[in-house]
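# Report on the structure
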Amino acid sequence: MDASLIGYDHHDEPSQSRQLLLRISESWNTRAKVRREALDLTFEPARDDFLETLLPFHQHPLYQALSECDRQRILSCGWLIYNDKTVAIETAIVTPSCNDALEGRIPGLEGGLMRKLVCETLVDEAYHLLLVENASRITRHYRGLGDIRIPTFNLVRFMEEAKAGCSEGWQRTLVQLATSVVSEIFVSDYLHQLSDCHTIQTLNRATVAAHRHDELAHSKVFTGLAETFYPALDRKQQAFFAEVLPKPIEWFADMELDIWDDVLAQLGIVQGRTIVADCRPMNANAVRRVDYSGVVNLGRNIGVFDTMNGRDSFGLLGIAA
Ligand SMILES: [Fe+2]
Ligand SMILES: [Fe+2]
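Treat the numbers as computed from the prediction; the structure is a model and nothing was measured. (Residues numbered from 1 in each chain as written. Chains lettered and ligands numbered in written order. Predicted model: local features only at pLDDT ≥ 70, side-chain atom pairs only at ≥ 80, totals over all residues. Heavy atoms only, no water.)

### Quick notes on the pattern of salt bridges
Quick note on the threshold: Think of a salt bridge as a Lys or Arg side-chain nitrogen and an Asp or Glu carboxyl oxygen that are within 4 Å of each other. Strands here are runs of E lasting at least two residues and helices are runs of H or I lasting at least four, both read from the DSSP assignment and numbered beginning at the N terminus. Buried residues are those whose accessible area, probed at 1.4 Å on protein chains only, stays under 20% of the maximum for their type, while exposed residues exceed 50% and partly exposed ones sit between those limits.
Scanning all chains against the criterion turns up 11 salt bridges. Here Arg73 and Asp70 are joined by a salt bridge, their closest N and O atoms 3.3 Å apart. In this pair, Arg73 and Asp70 are both assigned in helix H4 (residues 68–102), 3 residues apart and thus about one turn of the helix distant. By relative accessible area, which is 28% here, Arg73 ends up partly exposed. With a relative accessible area of 21%, Asp70 lands in the partly exposed category. In this structure, Glu160 and Lys163 form a salt bridge, with 3.8 Å as the shortest nitrogen-oxygen distance. Here the residue Glu160 and the residue Lys163 both occupy positions in helix H6 (residues 154–164), the gap between them amounting to 3 residues, near one helical turn. Because the salt bridges share partners, they merge into one network encompassing Asp100, Glu103 and Arg105.

### A closer look at helix H5 (residues 112–143)
Selection criterion: Expected helix span is given by 1.5 Å per residue-to-residue step, counting one fewer step than there are residues.
Its 32 residues place the ends of H5 46 Å apart at the C-alpha level, agreeing with the 46 Å of an ideal helix rising 1.5 Å per residue. With its phi angle positive at about 65°, Gly144 sits one or two positions after the end of H5.

### Brief notes about the packing of aromatic side chains
To be explicit about the condition: Only centres within 6.5 Å qualify two rings of Phe, Tyr or Trp (six-membered ring in Trp) as a pair; their planes then separate them into stacked at under 30 degrees, edge-to-face at over 60, and tilted for everything else. Note on criteria: charge over ring means Lys NZ or Arg CZ within 6 Å of the ring centre, with the direction from the centre no more than 35 degrees off the ring normal.
All chains considered together, the criterion is met by 12 aromatic pairs. Geometrically, the ring pair formed by Phe43 and Tyr142 is stacked, given 4.5 Å between the ring centres and 5° between the ring planes. On the criterion of sequence distance, the pair formed by Phe43 in the loop between helix H2 (28–31) and helix H3 (61–64) and Tyr142 in helix H5 is long-range, its members being 99 residues apart. Classification of Phe43 by relative accessible area gives buried; the value is 11%. The exposed category is assigned to Tyr142, whose relative accessible area is 51%. Ring pairs connect the aromatic residues Phe50, Trp79, Tyr82, Phe186, Tyr190 and Phe252, which therefore count as one cluster. One residue, Lys85, lies across the ring of Phe252, its end atom 4.3 Å from the ring centre.

### Some thoughts on the coordination of the iron ion (ligand 1)
Put simply, the test is: Metal donors: N, O and S atoms at distances within 2.8 Å, or within 3.2 Å for Na, K and Ca, with water omitted from the atom set so that some sites may seem incomplete.
Glu90 (OE), Glu125 (OE), His128 (ND1), His211 (NE2) and Glu215 (OE) make up the full set of protein donors to the iron ion (ligand 1), lying at 2.0 to 2.3 Å. Coordination of the iron ion (ligand 1) draws on donor residues from a single chain, spaced E-x34-E-x2-H-x82-H-x3-E in sequence. A distance of 3.5 Å spans the gap from the iron ion (ligand 1) to the iron ion (ligand 2), which Glu125 bridges by coordinating each metal. Of this pair, Glu125 and His128 both sit in helix H5, 3 residues apart, which is roughly one turn of that helix. Across the pair, His128 and Glu125 agree in class, each one buried.

### Here's the deal with the nonpolar core
The test is simple: Put simply, buried Ala, Val, Leu, Ile, Met, Phe, Trp, Tyr and Cys residues joined by side-chain atoms within 4.5 Å make one nonpolar core. Contacts between residues were defined by any pair of non-hydrogen atoms, one from each residue, lying within 4.5 Å.
Judged by nonpolar contacts, the single largest core of 89 residues is most densely connected at Ile74, Phe229 and Ile249. Of the residues forming this core, the biggest block, 13 residues, is contributed by H4. In contact with Phe229, not counting residues within four places along its chain, are Ile106, Pro107, Leu109, Leu177, Val181 and Phe241.

### Thoughts on the packing of helix H1 (residues 16–26) against H5
Spelled out, the test is: The angle between two axes is taken between their N-to-C directions and runs from 0 to 180 degrees, where each axis is a line fitted to C-alpha atoms and a helix contributes only its stretch in contact. Orientation labels follow simple angle bins: below 35 degrees gives roughly parallel, above 145 gives roughly antiparallel, 65 to 115 gives roughly perpendicular, and whatever is left gives oblique. If you view the pair so one helix is near and one far, a crossing is left-handed when the near helix is turned anticlockwise from the far one by less than a right angle, and right-handed when it is turned clockwise.
At a closest axis distance of 10 Å, the pairing of H1 and H5 adopts a crossing angle of 45°. By the criterion of interaxial angle, the relationship of H1 to H5 is oblique. Of the two possible hands of crossing, H1 and H5 adopt the one that is left-handed. Facing Arg18, Leu21, Leu22, Ile24 and Ser25 of H1, the residues of H5 in contact are Leu113, Met114, Lys116, Leu117 and Glu120.

### Concerning the environment of Trp170
In this fold, Trp170 is placed in helix H7 (residues 169–195). Separated by 67 residues in the primary sequence, Trp170 and Gln237 have C-alpha atoms spaced 8.1 Å apart. Residue contacts for Trp170: discarding those within four places in its chain leaves Lys236, Gln237 and Phe240.

### Quick notes on the coordination of the iron ion (ligand 2)
Each protein donor to the iron ion (ligand 2) is listed here as Glu125 (OE), Glu184 (OE), Glu215 (OE), Glu215 (OE) and His218 (ND1); together their distances run 1.9 to 2.4 Å. Taking relative accessible area as the criterion, Glu215 reaches 0% and is therefore assigned buried.

### A short note on H7
Spelled out, the test is: To get the bend at a residue, fit one axis to the 7 residues ending there and another to the 7 starting there, then take the angle between the axes.
Over its 27 residues, H7 extends 38 Å from the first C-alpha to the last, a length consistent with the 39 Å expected when each residue adds 1.5 Å. Maximum bend of H7: about 35°, positioned at Phe186. In terms of burial, H7 is a largely internal element, 21 of the 27 residues being buried.

Spelled out as structure tokens, the structure:
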């Protein structure tokens, strides 16, 4: 027997989602970017660090009237913020859920295959952290942005506030897990915004493309994990998870304008406060700017829309089954 298959739960009924998870895990050795060649870290000073259209205020006349030098510094900070959001997803959201699974706090994920998938995900996320830290360090060095500090993301803050409002430990575990599932479904789309962009630094595009390569598998992994753990929850836990699942859609879609407010002030952009304040009304419709079909499909497949909690909670975001 192939040594990598020892300890799988062969007696289990091979469901479609389990077959997919098995294939994803079996191909990890040849697929995962951590197993492949390292990236070339050459910096190209004449190229933009980031795509201007991804700045939430790129159409604001006060931004467009800034000097070329200020706009370039803002673009570089856009890249640093973009990177830090992926770091936050990896360190503050996904890794703690993986640890919850390995420590037996998530029903249904106790088997050998599930544990192996979680371990592979943890290795991938640790490698992404290194990729992103390398790219950000190089940007900070060459652009003289070593002192820029990026505050906590609303994505993380909202999740932590929801956890703080829970009375039971299992509820906090499920809030974290719902945020992980939604983030892992969304992150490949988030990375796709830059992974094919050939006008920016080659290093930056290659960093994002390498990350996205792994995240395309992670979105399937987390969908499959959800299809595995949800039926193993008791009714009370299922109702709670159904209610929580759509909330991270809004948290992920948040435009993170507080971070921009802070960073523009650090850059000494005097018009920054006005620019950000004028963009705040756009944040009210943030959910409309993300493709949440993957989360809705998952909710439909596992039966979240069969619960009143699930229907009501998705309904509050204007999302029908
Ligand atoms: Fe990642
Ligand atoms: Fe991931």
